[in-house]
Amino acid sequence: MSATERNIEERGERKSLNFIEQIIEEHNKSERFNQKVHTRFPPEPNGYLHIGHAKSICLNFGLANKYNGKCNLRFDDTNPATEDVEYVDSIREDVHWLGFDWQDREFYASDYFGQLYDFACSLIKKGLAYVDDQPSDEIARQKGTPTQPGTESPFRSRTPEENLDLFERMKNGEFAEGSKILRAKIDMSSPNMHMRDPAIYRIRKTPHHRTGGAWNIYPMYDFAHGLSDSIEGITHSICTLEFEVHRPLYEWINNQLVDHKPQQIEFARLNLSYTVMSKRKLKELVEGKYVKGWDDPRMPTICGLRRRGYTPESIRNFSERIGVARRDGIIDLALLEHSIREDLNRRASRVMSVLDPLKVTLVNYPENYSEEVKAINNPEDPEAGTRNVTFTHELYIEREDFMENPPKKFFRLSPGGMVRLKYAYIIKCLDVVKDDHGNIIELKCEYIPESKSGNDTSNIKVKGTLHWVSIAHSQQIEVRIYDRLFMDEEPDGHKDKDFKDFLNPESLKILKNCFLEQSVNTVDLKQRFQFERKGYFCHDKDSSVSNPVFNLTVPLRDSWAKISGNVN
RNA sequence: UGUCCCAUGGUGUAAUUGGCAACACGUCUGAUUUUGGUUCAGAAGAGUCUAGGUUCGACCCCUAGUGGGACAACCA
């Protein structure tokens, strides 16, 4: 656990409990679950996990951890038509990567298909479930509307014997998909639509990714979920707000069939500004090639954030900070960015890289000479030590660090102006070289020999310090600059517009002419870097030996951008 | 013309009913700084959706209203 996490936790323990913790502590007082806390994270393996899932994962595992309980990983795989092992693997990887361990408790709703079938039979025997032969559209019609009661199915009064027989034959594959369905017999006039004889088992002849062709019928979510929770001894079944209206059904089913009855608790799902979070929309972005895949660094998926350079710790801190409640809202993306900056500031090695090079020639520095200057790897961490960087008469600086006609508060390089090259010398700009089109292509500068970092006797005070690389001692790299994927705070919050209308055309900029100091070995890189004065970067999997690629994780805060009006 | 949930600075969360409200992010000042980063010091910003009620006392309890959300998949 990090110092930040500990601080947050201590603050939390000293102060208030979130509403779920309050419920748990009430249960502990009343001994409802014998002081036990057992949660589960129940993804459906039909898509990749995103930052919203991370909130749920941190919540479920975090609560278990806090109350000395356990948290299971359970795949809610009751719909073979949409699910796949590809997703199972990615989910497993993502939960692990986030830092959580479910030990030997990796379960699948499909593990319980046998038991679930038996439970359905008992429901039938109790006269609380029946097989309906009507087509789905007819059943839907009879459901009524939220304001009008439904009507009862003509098959509602079949005898348990007949239902049992029919249900068994459904299982045996005697009937076509959609021709019959098992429904719970509850109340067609309930104000809660979910209580109007909900479907609990349907015929599906699609092979299941785990049970293969063993089953011709599959339980519906409402039937399988609560019973799976009960089977696993879950005490607190935490889910998002949209399941709130399912809670009466969740409880009805468990009340009919089992002794151990978990408590379902709903919380508001995470919404992040400038992004979309629904699986459907993320899938649309991937399939429509608006992004390069589920792990595109612009995606809010766990794998996308990972590739972007986010650390598990930063995501855990983020979920701690956003809290948990029952009202929906939108979290400011700035909070996520703050979390990763905070983490990377502490641990990322600083290196110098020029992303938009402008050549600087030091006219008074010997041509065939070079010196090694000492650079600090991480000012936040003395243990990180130092490294040497080579200094010569031909350098690159950042193009934006020079202005021919600078505004007042610009304290970088300009004609006649002086600036320090970090860890090296102060230089003075003597001349601006332009091409035929008037573009600046080079600066002729002189260096001040007495100004060398470490033993500066020049007595010159400069306001700016620039990063740089020696042209002869740098390596060319590709840098991918990412910005928010959407230009609107709530891209899916406009009734008359498609969320894709707000796609940011500049969400990815590929810079191929960047130069990185030689000290960095760009082969087989796992660590994250701060490119001085620019931001945090990580090595991308698209890298090759001849073309190293770095992703921008997040830029440094930039108060100059605010002053100069170049705010993102 | 229904049922249920929600409502606290810009954003997100707090506040054993009992000191006109705290924390984080964001914003703004200033200091430090060989990263316009970090750090440090400070500031602005809500009187808790509205109206009643209970109470000596309400962000908190009750009622009504308003606003937002959820609910009619053989999805989860």
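Draft legend 1. Summary view of the pattern of salt bridges. Considering all chains together, one arrives at 54 salt bridges under this definition. Among the salt bridges present, the one from Arg169 reaches Asp165, with a minimum N-O distance of 3.2 Å. Of the two residues, Arg169 and Asp165 both sit in helix α7 (residues 160–171), four residues apart, roughly one turn of that helix. A residue is classified by how much of its surface remains accessible, and Asp165, at 36% relative accessible area, is partly exposed. One salt bridge connects Glu517 with Arg387, and the closest N-O pair in it is separated by 2.5 Å. Placement of Glu517 in strand β22 (residues 508–517) and of Arg387 in strand β14 (residues 386–391) is noted, with a sequence separation of 130 residues between them. The burial state of Glu517 is the same as that of Arg387; both residues are buried. Among the charged side chains, a network of salt bridges with common partners joins Asp295, Arg307, Glu478, Arg480, Lys512, Asp540, Lys541 and Asp542.

Draft legend 2. Spatial organisation of the sheet that holds strand β21 (residues 474–482). Strand order in the open sheet made by the seven strands is β10-β23-β24-β25-β21-β22-β11, with mixed pairing throughout. Bordering the open sheet on either side are β10 (349–351) and β11 (353–354), each of which pairs with just one other strand.

Draft legend 3. Spotlight on the nonpolar core. Judged by nonpolar contacts, the single largest core of 36 residues is most densely connected at Ile51, Ile57, Phe61, Val95, Leu272 and Phe318. Listing elements by their share of this core, those giving two or more residues are α3 (51–66), β2 (70–75), α4 (85–97), α11 (302–308), α12 (312–322) and α13 (333–347). Among the elements that make up this core, the one with the highest residue count is α3 (six residues). Taken domain by domain, this core gets at least three of its residues from each of domain 1 (19–267) and domain 2 (279–349 + 477–564). Residues in contact with Ile51, not counting those within four places in the same chain, are Leu270, Leu272, Met277, Pro300, Ile302, Leu305, Ile315 and Phe318.

The rules behind these values
- Residues numbered from 1 in each chain as written.
- Chains lettered and ligands numbered in written order.
- Predicted model: local features only at pLDDT ≥ 70, side-chain atom pairs only at ≥ 80, totals over all residues.
- Heavy atoms only, no water.
- Salt bridge = Lys/Arg side-chain N within 4 Å of Asp/Glu carboxyl O.
- Helix = DSSP H or I, 4+ residues; strand = E, 2+ residues; numbered from the N terminus.
- Buried < 20%, exposed > 50% of the residue type's maximum accessible area, 1.4 Å probe, protein only.
- Pairing = 2+ DSSP bridges.
- Core = buried A, V, L, I, M, F, W, Y, C linked by side-chain atoms within 4.5 Å.
- Domains from an automatic or database assignment.
- Contact = heavy atoms within 4.5 Å.

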